[in-house]
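Structure assessment
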Amino acid sequence: MKYELASTSWDEKEIEAIQKVIKKNNYTMGDDVKQFEADFAKFTGNKYCVMVNSGSSANLLAIAAMFFKKENPLKRGDEVIVPAVSWATTYYPLCQYGLKLKFVDVDKYTLNFDLNELKKAITDKTKLIFAVNLLGNPNDYDAINEMIKDKNIYLLEDNCESLGGIYKGKQLGSIGLMGTYSTFFSHHMATMEGGLVGTDDEELYHILLSIRSHGWTRHLPEENKLCTKSKNAFDESFRFILPGYNVRPIEMMGAIGIEQLKKLPEFLRHRRENAKYFKELFENDDRFIIQKEIETSSWFGFSFLINENSNIKRESVIKALTEANIDTRPIVAGNFARKEVVKWFDYEIQGDLKNSDYVDKNGFFVGNHQFDIKDKLDYLKEVLKGV
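First, a word on scope: everything that follows refers to the structure included in this document. Predicted model, so just to flag it, every value in this text is computed and none were measured.

Observations regarding the overall build of the chain
Counting its regular elements, the chain contains 12 helices and 13 strands. Relative to the globule expectation of 21 Å for 387 residues, the C-alpha radius of gyration of the chain, 21 Å, shows essentially globular dimensions. Judged by the C-alpha coordinates and their principal axes, the chain covers about 70 × 55 × 35 Å. Every one of the 387 residues in the chain was classed for burial, and the buried ones make up 58%. Long-range pairs, those at least 24 residues apart, make up 72% of the contacts in the chain with a sequence separation of at least 6. Summed over its atoms, the accessible surface of the chain is roughly 16800 Å², and 50% of this surface lies on carbon and sulfur atoms. Each charge sign in the chain was given a centre, from 52 positive and 57 negative side chains, and these centres are 2 Å apart.

A short note on the sheet that holds strand E10 (residues 288-290)
Ordered in space as E10-E11-E13, the three strands form an open sheet in which the pairing is antiparallel. Whereas interior strands pair on both sides, the edge strands pair on one side only; in this sheet they are E10 and strand E13 (363-367). Strand-to-strand, the axes of this sheet are offset by a mean angle of 30°, without reference to chain direction. In this structure, strand E11 (residues 301-306) lies alongside E13, joined through five bridges in antiparallel fashion. Bridged to Ser 303 within E13 is Phe 365. Docked against the sheet, helix H10 (residues 314-323) engages E11 and E13, running at close to 20° with respect to E13.

A few points about the packing of aromatic side chains
Counted according to the given criterion, the structure contains 22 aromatic pairs. Between Phe 36 and Phe 40, the aromatic rings sit 5.6 Å apart at their centres with planes inclined by 65°, giving edge-to-face as the arrangement. You can see Phe 36 and its partner Phe 40 sitting in helix H2 (residues 31-44), four residues apart, about one turn around the helix. We note that Phe 36, like Phe 40, is buried. Ring geometry for Phe 288 versus Phe 364: centroids 6.3 Å apart, planes at 85°, classification edge-to-face. Of the two residues, Phe 288 sits in strand E10 while Phe 364 sits in strand E13, which places them 76 residues apart along the sequence. Judged by relative accessible area, which is 6%, Phe 288 ranks as buried.

A short note on helix H6 (residues 141-148)
Side chains that are three or four residues apart share a direction in an α-helix, a result of its 3.6 residues per turn. Of all the residues in H6, the buried ones are Tyr 141, Ile 144, Met 147 and Ile 148. Viewed end-on, H6 has its buried residues packed into an arc of 120°, placing them on one side of the element. Of the surrounding secondary structure, the elements contacted by the buried residues of H6 are helix H5 (115-121), strand E4 (126-132), strand E5 (154-158) and strand E6 (166-167). Structurally, the start of H6 carries an N-cap: the backbone nitrogen of Asp 142 is 3.4 Å from a side-chain oxygen of Asp 140.

Description of the pattern of salt bridges
Here the structure, examined in full by the defined rule, presents 29 salt bridges. Residue Asp 357 is joined to Arg 338 by a salt bridge in which the shortest nitrogen-to-oxygen separation is 2.9 Å. Of this pair, Asp 357 sits in helix H11 (residues 354-362) while Arg 338 sits in the loop between H10 and strand E12 (347-349), and the two are 19 residues apart along the sequence. Residue Asp 357 is classed as partly exposed on the basis of its relative accessible area of 21%. Overlapping salt bridges, with partners in common, bring together Asp 11, Glu 14 and Lys 263 in one network.

Some remarks on the pairing of strand E3 (residues 100-104)
Two faces make up the sheet, and in a regular strand the side chains alternate between them. Of all five residues in E3, four are buried, a share of seventy percent or more. Bridging between strand E2 (residues 79-83) and E3 involves five bridges; their strand directions are parallel. In the sheet register, Pro 83 faces E3, and the bridge partner there is Val 104. Of the crossover connections in this fold, the one passing from E2 over helix H4 (residues 88-96) to the parallel E3 is right-handed. Note that E3 and E12 share three bridges and pair parallel. Bridge assignment links Phe 103 to a residue of E12, and that residue is Ile 349.

The rules behind each value
- Residues numbered from 1 in each chain as written.
- Predicted model: local features only at pLDDT ≥ 70, side-chain atom pairs only at ≥ 80, totals over all residues.
- Heavy atoms only, no water.
- Helix = DSSP H or I, 4+ residues; strand = E, 2+ residues; numbered from the N terminus.
- Rg over C-alpha atoms; globule rule 2.2 N^0.38 Å.
- Buried < 20%, exposed > 50% of the residue type's maximum accessible area, 1.4 Å probe, protein only.
- Contact = heavy atoms within 4.5 Å.
- Areas by Shrake-Rupley, 256 points an atom, 1.4 Å probe, with all protein chains shown as cover.
- Lys, Arg positive; Asp, Glu negative; His and termini not counted.
- Charge placed at Lys NZ, Arg CZ, Asp CG, Glu CD.
- Pairing = 2+ DSSP bridges.
- Axes fitted to C-alpha atoms, helices over the stretch in contact; angles between N-to-C directions.
- Phe/Tyr/Trp six-rings, centres within 6.5 Å; stacked < 30°, edge-to-face > 60°.
- Arc of directions from axis to C-beta.
- Polar contact = N/O pair within 3.5 Å; in protein donor to acceptor, adjacent residues only side chain to side chain.
- Salt bridge = Lys/Arg side-chain N within 4 Å of Asp/Glu carboxyl O.
- Right-handed = clockwise from strand over helix to strand, strands pointing away.

Set out below in structure tokens:
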């Protein structure tokens, strides 16, 4: 048996959507992207969504947009709190915009913020908390909002791994001021590459529209929060007002997204049913710690931490899984504060990051899928019995 990390979620509907774009002969961002943005916003509960070419670009635009707010914008040197375990492009936009990162430990069970360490990390210098919902699992947003309720601190969500997760009835990515999503192949739905930023803030929405496409005014509505547009389309065609990027999606990605979003509830149902079975198989296996669900996870994958009381080693586990054709990876990027690249960062570390180090040295995860994988999970159980 082969137990892959990820699998295609496409069928003839996505191929037909691509063919329709080819038939229209309009490959650049157009009506299908616009329709997908509207459909996606309806699903997530955001007022506005802006599609870009990747989840990484979504993070970049979200951080950049905070610098162009008219009131209380971010500025270089501001302190941003981040969890020590996440993906590289959670952190890179913060570095690239001259922000100071403060790495905070994660909880060994939820894999999200260690709430005690987060509370200690918040100071008068803190301007932003960039929360990451890891592997589909919500953060405890009641606790986080309680910590910052009387403080001038923004909350953003990196929700690239957790589309469809729910906290207290709200979709993840719609809880903070902005939330980011990824629609890369291995994620909950796939549009080739792709990502989105969601927000309820109209000014930020207009900033995102501008900086997605060169910082120009062309895609702004006539009435907007950034400028007064002239009636002369020629003058507005190349009018630049913000230092932006070109991170637009192609039209095919929007067309595919429209079809994928129709299937997403069923994808999520299978992922949660797989997770229920996974927990039945492994929650009483004392050799491993598996992720503790907060509210309703969308279960990107299934993580394992080798218990410190166990006499098995991660190297032997990975070897056994590899030989059995079971794909596995580290838990996201491990403890990012220990990566060589942070020599380029302005950063500090809250506490000792002992849990993040433990995840880094003793963690791994296997894939979840948008269809029934009980047979693969049985196979995984059998292989791990022999380790």
